[in-house]
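Coordinate analysis (summary)
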Amino acid sequence: MLLAVGLYGQQQPIAYSHKTHLALGLKCNNCHKNADPGEAMGFPAESFCMSCHRTVKTGSPDIQKLAAAAKAKEPLPWVRVYRLPTYVYFSHRVHTTAGTTCETCHGPVPQRDVIKKEVTHDMRSCIACHTEKKARQDCTACHEERQ
Ligand code: HEC
Ligand code: HEC
Ligand code: HEC
Ligand code: HEC
Ligand code: HEC
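We now turn to the structure provided with this report. All of these numbers come straight from a predicted model, not from anything done at the bench. (Residues numbered from 1 in each chain as written. Chains lettered and ligands numbered in written order. Predicted model: local features only at pLDDT ≥ 70, side-chain atom pairs only at ≥ 80, totals over all residues. Heavy atoms only, no water.)

Thoughts on unusual backbone geometry
Selection rule: Counting from the N terminus, the helices are DSSP H or I runs at least four residues long and the strands are E runs at least two residues long.
For Lys 73, which is not glycine, the phi dihedral falls at a positive 55°. Its place among the elements puts Lys 73 in the loop between helix H4 (61–72) and helix H5 (92–97). One non-glycine residue, Lys 134, lies in the positive phi region at around 55°. Mapping Lys 134 onto the fold places it in the loop between helix H7 (123–132) and helix H8 (139–143).

Re the site of ligand 2
Heads up, the rule is: Each residue is tested against the molecule or strand, and it is near if at least one of its non-hydrogen atoms lies within 4 Å. Whenever two N or O atoms come within 3.5 Å, that pair is a polar contact, provided that in protein one can donate a hydrogen and the other can accept it, and provided that, for residues adjacent in sequence, both atoms are side-chain atoms. Each residue is assigned to one of three groups, with Ala, Val, Leu, Ile, Met, Phe, Trp, Tyr, Cys and Pro labelled nonpolar, Asp, Glu, Lys and Arg labelled charged, and all others, Gly among them, labelled polar. For the purposes of this description, domain bounds are those given by an automatic or database domain assignment.
Contacts to ligand 2 come from 20 residues, most closely from Met 41, His 92, Cys 102, Cys 105 and His 106. Separating a nitrogen atom of ligand 2 from a side-chain N or O atom of His 106 is a distance of 2.8 Å. Of all the elements in the fold, those that place two or more residues in the shell around ligand 2 are H5 and helix H6 (102–106). For the shell around ligand 2, the per-class residue count stands at nine nonpolar, nine polar and two charged. Two domains share the shell around ligand 2, each providing at least three of its residues, namely domain 1 (4–72) and domain 2 (92–143).

So this is what it looks like as structure tokens:
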């Protein structure tokens with residue numbers, strides 16, 4: 001599937017807007033579930049999107065792409081925004097359990113049409129917060145080999 005420059009200028013397969021959808025009353029965990037067991041938040045199933053889009057905006061070319069992906073059971077190829085090198089161990093689970101909010105690490109998502117990397121996540125920023133919160137700072141906390 002070709003990546004179009006979307007309605008809001010984002011490089012995504014379709015012009016999905018967090019702002020539009022969160023204004024409908026959807027919550028982060030309707031779409032990003034920290035599946036058990038696991039550390040990732042993941043992306044929503046197209047079949048979930050279709051629970052509304054079977055009837056909403058069916059004339060839109062983007063919704064037709066979405067419907068085709070749902071029918072073929074082929075996930076839309078979302079372009080990743082936040083991505084750590086594979087040698088870093090990161091867990092959403094430990095952070096959300098410790099009460100760190102999505103907004104702290106991803107900015108005011110409900111106000112954004114387009115998700116951009118607006119919060120920096122590098123070794124310096126990880127360790128700055130770990131120092132403040134008295135979380136682990138030893139190398140193996142983030143670089144240990146894990147299964
Ligand atoms: C209706 C479903 C839906 C809801 C609700 C939703 N998201 Fe998303 N989210 C998506 C989709 C689809 C993408 C991929 C497209 C994009 O990046 O905009 C995405 C991408 C993201 C990304 C970028 C991930 C990456 O590395 O590529 C972040 C961060 C994110 N969402 C955070 C949130 C937060 C925080 C909330 C709640 C405030 C939220 N989302 C609510 C569907 C949703
Ligand atoms: C402590 C900072 C932090 C918090 C808190 C956090 N994230 Fe993330 N998020 C990240 C980092 C770093 C990545 C990149 C992870 C990687 O590449 O392994 C990421 C990646 C993602 C992705 C891409 C898919 C994935 O799982 O890698 C989504 C979606 C996402 N976050 C949504 C959320 C939502 C929703 C919340 C709140 C429930 C949240 N994040 C809380 C830092 C955070
Ligand atoms: C709770 C119902 C609901 C869910 C679930 C939902 N949407 Fe939507 N979506 C809407 C509504 C309503 C609009 C129209 C908003 C407007 O135009 O005011 C919309 C608009 C859109 C548009 C803009 C279409 C256009 O051409 O204007 C896209 C793209 C879209 N949604 C993609 C998605 C994706 C991808 C998902 C799943 C990650 C999703 N939607 C889940 C209700 C929903
Ligand atoms: C905004 C604050 C904040 C940021 C930013 C943050 N962390 Fe954390 N992190 C925490 C807190 C608080 C804990 C401690 C949780 C506990 O002790 O229950 C934690 C725990 C962890 C743990 C678990 C350590 C253990 O106890 O085994 C890992 C791994 C981790 N963080 C990796 C990272 C990485 C990698 C980054 C950067 C991409 C990062 N964190 C950014 C607050 C943060
Ligand atoms: C709280 C998490 C965390 C801890 C603790 C941590 N790192 Fe890192 N480290 C990271 C992240 C995240 C990156 C990726 C940086 C990037 O993408 O720019 C990284 C990257 C690196 C790199 C490669 C990139 C570079 O800077 O050249 C090395 C080497 C490294 N870390 C060594 C260490 C050593 C040695 C320690 C212990 C003194 C340590 N790290 C502790 C999170 C951590």
